Amino acid sequence: MIRVLIVDDHAMLRAGFRTILGTQSDVEVVGEAATGAEAVAAAVRLQPDVITMDVQMPDMDGIEATRRIVADPEVTASIAIVTTFDRDDYLFQALDAGAGGFLLKNAGPEELITAVRALAAGDGILAPEVTRRVLARFAASAPPSAPVALSIASGTGKATGTGSGVPTEQLTDREGEVLALMADARSNAEIAAALFIGEATVKTHVSRVLQKLGARDRVQAVVLAHRHGLT
């Protein structure tokens, strides 16, 4: 069972999320919280697998709550920011705080269910248009003289980490291809189709990429790759 904690200051929205997720045989809503402070305490007490987190709440906002939960070594939950406001400041602050997903409240029920399952499986979840904005932001902010921390080395068969503070373990050609497709917001199924390999093999490659980059999930891996310059 995927254990879910729902965090939002509107009781009606929490009830709606609970109803949607309650229709799934593999999902259990283990608790609710109405403020960021309540969310931090509930994350420790309930040990959910996934947390859906609102942004604007009294007492403590969802960004700060996310930051505190991610920093707690006793909590392993993945967090999806779910907000009404499609704002870049919320998006990038959420990713910097450690959120593994970003959804809008006008998303359909299936998108919420898909997001919960993806996060529980260790994947990140961003809508394609949001992903493009993330990549555009990091591409625009990287100075031309910045050291390339990750590069697909032509003819070497390896992608190597070379920047300070960046993992130096090498990615194989195939892992580099998988990372590039992850950066293009492809799902595991789409990556498998593009590379003519099985989804199980894709999952293995994704796991190795995350391990070698020291990334928590695929969203962080993509952000890390673009922040340091991926060629």
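Refer to the structure printed above.
Rules and cut-offs
- Residues numbered from 1 in each chain as written.
- Predicted model: local features only at pLDDT ≥ 70, side-chain atom pairs only at ≥ 80, totals over all residues.
- Heavy atoms only, no water.
- Pairing = 2+ DSSP bridges.
- Helix = DSSP H or I, 4+ residues; strand = E, 2+ residues; numbered from the N terminus.
- Contact = heavy atoms within 4.5 Å.
- Axes fitted to C-alpha atoms, helices over the stretch in contact; angles between N-to-C directions.
- Buried < 20%, exposed > 50% of the residue type's maximum accessible area, 1.4 Å probe, protein only.
- Right-handed = clockwise from strand over helix to strand, strands pointing away.
- Salt bridge = Lys/Arg side-chain N within 4 Å of Asp/Glu carboxyl O.

Q: Looking at this structure, I do not really get the sheet that holds strand 4 (residues 78-83). What am I missing?
A: What holds strands together in a sheet is hydrogen bonding between their backbones, with the strands either parallel or antiparallel. The parallel open sheet is built from six strands, whose spatial order is 2-1-3-4-5-6. Only two strands of the sheet have a single partner each, and these edge strands are strand 2 (27-33) and strand 6 (125-126). Looking at chain direction, strand 3 (residues 50-53) and strand 4 are connected through four bridges and run parallel. Bridge pairing links V50 to S78 in strand 4. Helix 1 (residues 11-22) rests against strand 1 (2-7), strand 2, strand 3 and strand 4 of the sheet, and its axis sits at about 170 degrees to strand 2.

Q: What am I meant to see in the pairing of strand 2 here?
A: Remark: a regular strand shows side chains that alternate across the two faces of the sheet. In terms of burial, strand 2 is largely enclosed, as five of its seven residues are buried. Two elements, strand 1 and strand 2, share six bridges in a ladder whose sense is parallel. Each bridged residue has a counterpart across the sheet, and for I6 the counterpart in strand 2 is E32. Once the chain exits strand 1 it traverses helix 1 before rejoining the sheet at strand 2, and the crossover so formed is right-handed.

Q: Could you clarify how one ought to interpret the environment of L112 in this entry?
A: Assignment of secondary structure puts L112 in helix 5 (residues 109-120). The class for L112 is buried, based on a relative accessible area of 6%. For the pair L112 and T52, spaced 60 residues apart in sequence, the C-alpha to C-alpha distance is 9.2 Å. If we skip the residues at most four places from it in the chain, L112 touches F17, I20, L21, T52 and L103.

Q: Would you explain the pattern of salt bridges in this entry?
A: Side chains that differ in charge, positive against negative, can pair when their charged atoms come close. Across all of its chains, the model carries 10 salt bridges by this definition. In this structure, E32 and R14 form a salt bridge, with 2.9 Å as the shortest nitrogen-oxygen distance. Within this pair, whereas E32 is found in strand 2, its partner R14 is found in helix 1, the two being separated by 18 residues in sequence. Owing to a relative accessible area of 32%, E32 belongs among the partly exposed residues under this scheme. Residue R14 is classed as buried on the basis of its relative accessible area, which comes to 13%. Ionic pairing is found between K212 and E175, a salt bridge with its closest N-O pair at 2.9 Å. Placement of K212 in helix 9 (residues 199-213) and of E175 in helix 7 (residues 173-183) is noted, with a sequence separation of 37 residues between them. With respect to burial, K212 and E175 carry one shared label: buried. Through salt bridges with shared partners, a single network forms among D8, D54 and K105.

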